[in-house]
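# Structure at a glance
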Amino acid sequence: GRFSPSLLAQLASQIPPERLLYSHQAEAVLSAPAENSGSQPAIILTAGTGAGKTESFLLPMLNHLWSRPRQGPGIRALILYPMNALVNDQVHRLSSWLQGQERLSLCRFTSETPESRREARRKQLELGRPHVRLTRRQARGWEDDAGRDLPPDSRREPPDILITNYSMLEYMLA
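Residues numbered from 1 in each chain as written. Predicted model: local features only at pLDDT ≥ 70, side-chain atom pairs only at ≥ 80, totals over all residues. Heavy atoms only, no water.

### Side note on the overall build of the protein
This is how it is decided: Secondary structure counts use DSSP, requiring at least four H or I residues in a row for a helix and at least two E residues in a row for a strand, with both numbered from the N terminus. Accessibility here uses a 1.4 Å probe with only protein chains present; expressed as a share of the type maximum, an area under 20% marks a residue as buried, one over 50% as exposed, and anything in between as partly exposed. The contact criterion used is simple: two residues touch if any of their non-hydrogen atoms lie within 4.5 Å. Accessible areas in this description were obtained via Shrake-Rupley with a 1.4 Å probe; residue shielding takes into account the shown protein chains only.
Of the regular secondary structure elements, the protein holds seven helices and four strands. Listing each helix as α and each strand as β along the protein from the N terminus yields α-α-α-β-α-β-α-β-α-β-α. For the protein, the spread of C-alpha atoms along the principal axes amounts to about 45 × 35 × 35 Å. Counting every position in the protein, which comprises 174 residues, the buried fraction comes to 43%. Contacts in the protein between residues far apart in sequence, at least 24 positions, make up 67% of those at least 6 positions apart. Of the roughly 10,200 Å² of accessible surface on the protein, a fraction of 53% belongs to carbon and sulfur atoms.

This is the structure:
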């Protein structure tokens, strides 16, 4: 009863509904605020490699974003990793989880992220996933999915979820 039924349906192809959660995952999900609650509890989790720590924060985060409409401009969730390899792993995971829906968008913002759609084509990066902002210009709302410049009065919202690393966060904030 804690998760949006439509989010469960979205995730069903990647995370079978009958799959049981580990106890630390279930505790994290149950610790997440209820839909109308104003609280935002902090959760600290330690577990061994491969124990499912990522699902312990991704599932409650996705449910929170999925269940609440955007309340103005801006990125709604920032996922920060120390290395590009971890960023890339999470982008791949979230992209597959969110495939085929238009409710949430995400962007990988690392030194490997192309500046424009033109550069992405030149690098032969995978195109055509509307829930993934592929370029830095798309992440900023300056470019549409086809690579056309957007005028300031029609710029699109930034992605809901930004996945980056420490050095790129510093670059973005400078």
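Still more to cover.
### Quick word on the environment of Asn88
Note on placement: Asn88 falls in helix H4 (residues 84-97). With 57 residues separating them in the primary sequence, Asn88 and Ser31 have C-alpha atoms 28 Å apart. In contact with Asn88, not counting residues within four places along its chain, are Arg108 and Glu112.

### Looking at the sheet that holds strand S2 (residues 106-109)
Just so we agree on the cut-off: In this description, strands pair whenever DSSP reports at least two bridges between them.
Here four strands make up an open sheet; going across it, the order is S1-S4-S2-S3 and the pairing parallel. Unpaired on one side and paired on the other, strand S1 (77-81) and strand S3 (132-133) mark the two borders of the sheet. As paired strands, S2 and S3 are joined by two bridges and run parallel to one another. Residue pairing across strands places Cys107 opposite Arg133, the latter belonging to S3.

### Observations regarding the nonpolar core
Quick reminder of the rule: Put simply, a nonpolar core is a bunch of buried Ala, Val, Leu, Ile, Met, Phe, Trp, Tyr and Cys residues held in one set by side-chain atoms that sit within 4.5 Å of each other.
If you look at the biggest cluster of nonpolar residues, it comprises 24 residues, and the most contacted ones within it are Leu62, Leu94, Ile161 and Ile163. For this core, the secondary structure elements donating two or more residues are helix H1 (5-11), helix H3 (53-67), S1, H4 and strand S4 (161-165). Top element by residues in this core is H3. It accounts for six residues. Non-local contacts of Leu62, meaning those with residues more than four positions away in its chain, are made with Leu7, Leu94, Trp97, Leu98, Leu104 and Ile161. Within the second largest apolar cluster, five residues are counted, among which are Phe109, Ala139, Leu162 and Met168.

### Some words on a nonpolar patch on the surface
The test is simple: Like charges within 9 Å and nonpolar side chains (Val, Leu, Ile, Met, Phe, Trp, Tyr) within 5 Å are joined into patches, using only residues over 30% in relative accessible area that form no salt bridge. Definition used for salt bridges: Asp or Glu carboxyl oxygen within 4 Å of a side-chain nitrogen of Lys or Arg.
Taken together, the side chains of Leu78, Leu80 and Tyr166 present a nonpolar region at the surface, about 280 Å² in accessible area. Following the sequence through the fold, Tyr166 ends up in helix H7 (residues 166-173).

### A closer look at the side chain of Asp160
Note the threshold: Two N or O atoms count as a polar contact when they lie within 3.5 Å, although within protein this holds only if one can serve as hydrogen donor and the other as acceptor, and sequence-adjacent residues are included solely when both atoms are side-chain atoms.
Along the polypeptide, Asp160 turns up in the loop between helix H6 (136-139) and S4. Polar contacts involving the side chain of Asp160 include one to the side chain of Arg70, which spans 2.8 Å. Beyond its immediate sequence surroundings of up to four residues, Asp160 is in contact with Arg70, Ile75, Arg76, Ala77, Arg103, Leu104 and Ser105.

### Examining the side chain of His24
Tracing the backbone shows His24 in helix H2 (residues 23-31). A polar contact is formed between the side chain of His24 and the backbone oxygen of Ala51, at a distance of 2.7 Å. Beyond its immediate sequence surroundings of up to four residues, His24 is in contact with Leu45, Ala47, Ala51, Gly52, Lys53 and Ser56.

### Overview of the pairing of S2
Alternating positions in S2 separate into two faces, Leu106 and Arg108 on one and Cys107 and Phe109 on the other, with burial throughout. Sheet analysis places S2 next to S4, joined by four bridges and oriented parallel. Within the sheet, the bridge partner assigned to Arg108 lies in S4 and is Ile163.

### Section: H4
Residue pairs spaced three or four apart in an α-helix point in one direction, given the helix's 3.6 residues per turn. Here is the rule: Residue count minus one, scaled by 1.5 Å, sets the expected span of a helix. The directions considered for the arc run from the helix axis to the C-beta atoms.
Its 14 residues give H4 an end-to-end C-alpha distance of 20 Å, which sits within 8% of 20 Å, the value for a rise of 1.5 Å per residue. Considered for burial, the residues of H4 that qualify are Asn84, Val87, Gln90, Val91, Leu94, Ser95 and Trp97. The buried residues of H4 occupy an angular sector of 155° when projected down its axis, which confines them to one face. Within H4, the exposed residues directed more than 90 degrees away from the buried face are Ala85 and His92.

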